[in-house]
There are 2 protein chains.
Amino acid sequence: MARPVQRRTGRELGGEQVEGRQAVRELLAAGRRPVREVWLASGNDDAPILSDIARLAEARRVPVRIVTRPRLEAAALTDAPQGVLARASPLPEVELETLIEGKPGGPAAFLLVLDGVTDPHNLGALLRSAEGAGATGAVLPRHRSALIGPAAAKASAGAVEYLPLSVVPGVPSALAALAKAGIWTVGLDGASPHRLWDLELASEPVALVLGGEGRGLSRLARQRCDQLVAIPQRGSVASLNVASAGALACFEVARRRG
Amino acid sequence: MARPVQRRTGRELGGEQVEGRQAVRELLAAGRRPVREVWLASGNDDAPILSDIARLAEARRVPVRIVTRPRLEAAALTDAPQGVLARASPLPEVELETLIEGKPGGPAAFLLVLDGVTDPHNLGALLRSAEGAGATGAVLPRHRSALIGPAAAKASAGAVEYLPLSVVPGVPSALAALAKAGIWTVGLDGASPHRLWDLELASEPVALVLGGEGRGLSRLARQRCDQLVAIPQRGSVASLNVASAGALACFEVARRRG
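A. The arrangement of the overall build of chain A in detail. Secondary structure summary: chain A contains 9 helices and 10 strands in total. Over its C-alpha trace chain A gives a radius of gyration of 19 Å, about what one expects of a compact globule, namely 18 Å for 258 residues. Taken over the C-alpha atoms alone, chain A extends approximately 55 × 45 × 35 Å along its principal axes. Counting only residues that meet the buried cut, chain A has 55% of its 258 residues in that class. Here the contacts in chain A between residues at least 6 apart in sequence split such that 85% fall between residues at least 24 apart. Within the structure as shown, chain A displays about 10,900 Å² of accessible surface, and the carbon and sulfur contribution to it stands at 52%. Averaging the coordinates of the 31 positive side-chain charges in chain A and doing the same for the 26 negative ones gives two points 3 Å apart.

B. Spotlight on the interface of chain B and chain A. Between chain B and chain A, the residue contacts involve 33 residues of the former and 33 residues of the latter. Summed over both sides, the interface between chain B and chain A buries roughly 2,800 Å², with carbon and sulfur atoms accounting for 55% of that surface. Interface area lost by chain B to chain A is led by B:Arg234, B:Val237 and B:Arg255, which between them contribute 25%. Applying the counting criterion to the chain B and chain A interface returns 2 salt bridges. Across the pair B:Glu252 and A:Arg255 runs a salt bridge, and its minimum N-O distance is 2.7 Å. Inspection of the chain B/chain A interface yields 16 residue pairs in polar contact (both at pLDDT 80 or more). Elements with a minimum of two residues in the side of chain B that touches chain A: helix 1 (21–30), helix 5 (120–132) and helix 9 (242–256) of chain B. No other element matches the 8 residues that helix 9 of chain B contributes to the side of chain B that touches chain A. Across the side of chain B that touches chain A, the residue classes tally to 14 nonpolar, 12 polar and 7 charged.

C. Geometry of the nonpolar core. Ranked by internal contacts, the top residues of the largest apolar core, which has 88 residues, are A:Ile148 and B:Ile148. In this view, A:Ile148 contacts A:Leu13, A:Gly14, A:Gly15, A:Leu91, A:Leu123, A:Leu127, A:Leu140, A:Ala153, A:Val160 and A:Leu165; residues no more than four positions away in its chain are not counted.

D. Region of interest: the pattern of salt bridges. All names here are of chain A. Going through the model one piece at a time under the given rule, you end up with 24 salt bridges over all chains. Across the salt bridge formed by Arg-25 and Asp-52, the nearest N and O atoms sit 3.1 Å from each other. One end of the pair, Arg-25, is in helix 1 (residues 21–30); the other, Asp-52, is in helix 2 (residues 48–59), with 27 residues separating them in the sequence. Residue classification places Asp-52 among the partly exposed residues on the basis of a relative accessible area of 22%. Where Arg-222 meets Asp-189, a salt bridge forms, and the shortest distance between an N and an O atom there is 2.9 Å. A residue pair is termed long-range when its members are at least 10 positions apart, and Arg-222 in helix 8 (residues 219–224) and Asp-189 in the loop between strand 8 (184–188) and strand 9 (206–211) qualify at 33 residues. Residue classification places Arg-222 among the partly exposed residues on the basis of a relative accessible area of 30%.

E. A look at the relation of the copies chain B and chain A. Structural alignment of chain B on chain A gives an RMSD of 0.0 Å, achieved by rotating through 180° and translating 0.0 Å along the axis. Put plainly, the chains are arranged around a two-fold axis. When the interface residues of chain B are mapped onto chain A, 100% of them are again interface residues, pointing to one common binding face.

Conventions used here
Residues numbered from 1 in each chain as written. Chains lettered and ligands numbered in written order. Predicted model: local features only at pLDDT ≥ 70, side-chain atom pairs only at ≥ 80, totals over all residues. Heavy atoms only, no water. Helix = DSSP H or I, 4+ residues; strand = E, 2+ residues; numbered from the N terminus. Rg over C-alpha atoms; globule rule 2.2 N^0.38 Å. Buried < 20%, exposed > 50% of the residue type's maximum accessible area, 1.4 Å probe, protein only. Contact = heavy atoms within 4.5 Å. Areas by Shrake-Rupley, 256 points an atom, 1.4 Å probe, with all protein chains shown as cover. Lys, Arg positive; Asp, Glu negative; His and termini not counted. Charge placed at Lys NZ, Arg CZ, Asp CG, Glu CD. Buried area = accessible area lost by both parts, 1.4 Å probe. Salt bridge = Lys/Arg side-chain N within 4 Å of Asp/Glu carboxyl O. Polar contact = N/O pair within 3.5 Å; in protein donor to acceptor, adjacent residues only side chain to side chain. Nonpolar A, V, L, I, M, F, W, Y, C, P; charged D, E, K, R; others polar. Core = buried A, V, L, I, M, F, W, Y, C linked by side-chain atoms within 4.5 Å. Least-squares fit on C-alpha atoms with pLDDT ≥ 70 in both.

All we've got here are geometric facts, nothing functional implied.
Here it is in structure tokens:
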């Protein structure tokens, strides 16, 4: 199936403004994209992570400006920038093919495909869980606005600096490409009679597919998955938060891979 | 160990204003506390959950007021009330002893103890995961402000209406009381050499203990736990979001209980 050529501009991922201590530290530590400047609020506490940030900025020759807290907070786009802000080039975008091929000699593909997750806290938490579980990349559908704003980057605790991200025109066609490449696509769907825990899964290439808040997977995405699994619920509330469901799915893969 | 008598006023839990469709529907469906009124924004879409809310309010004889969207949003305390708001009595509080004893003939205690989780989205998501995993209650330390504000109740998707909640003066003394009652206390601590997956756990009474964002468990809480376990990380970012870690721990208990 022909897919449109994907641009490498990173314009769709965004991520130019990074806020919060952990997110800024990982931006500098990962060293994957140019950082223009770091702002620190005057009168910050003496948390070790702030020394880390200053040391990493110096090592990478990134200018550090000490500004007043009101000035920093006025420039911040999240509620709690924690006295730290950075400006950087957009997040780099990788081709879906690159995610499919993986690193030579690296682990088999372990991808997270997000079909319409819109809340930035959920998006960030999902990318953090995926990175922590050893995922080799995440796939996000194109969106009208930049995908990774400061709130998502902060919620990811810097995971967006490490996890390769691919932006695709549509999730169903991406799933077709993954299946064609021999990657097992597993969708989370509360209505499935199969349990996540019973997934027959070891070290083969896999893509976990999660739908958006409330709506779940789109009909077409559901149809394209090789398998659908549910996380059995024992309470009165019918479903899990998408970030919690994603954490369970990602670490299910991690534990099967030992 | 003597513990101060706990009040049953619910003043410490709060929860008098409930916002968001799922949270308001569960408030009405659970029927555990008096609801004074429901506000619906005029010009709401025709989602089935809104009909559910209207039907449940009528059945429970709760007055429904149709107000303009700006009026509802001005009264809302969260960013996205989704055109629905309710006012109710505070959430009922249960004694720690009640959680320890459990329901006669019910499952063995399965408690979630939160040692300083402050972000309302994390708090709500944790209570939602616990309820979904079949937890029999949650334990929260006393706090200067009401514990369950509209953002936490909304993030819990109404799980706070079902999950029994106990407010304690301090987590370490609560852990001592749990241990004395024969409840196995398991703390999540990234520095532990033991993996969550290797926990020897079946259907015995258990309490999962999670620390706050960033700081983790307090020293004293860590010392009081019968066992500490870690969720092994495979990426570059050192730790998981507390709500994701809690989901993994809660569903680990759920799957062991079959």
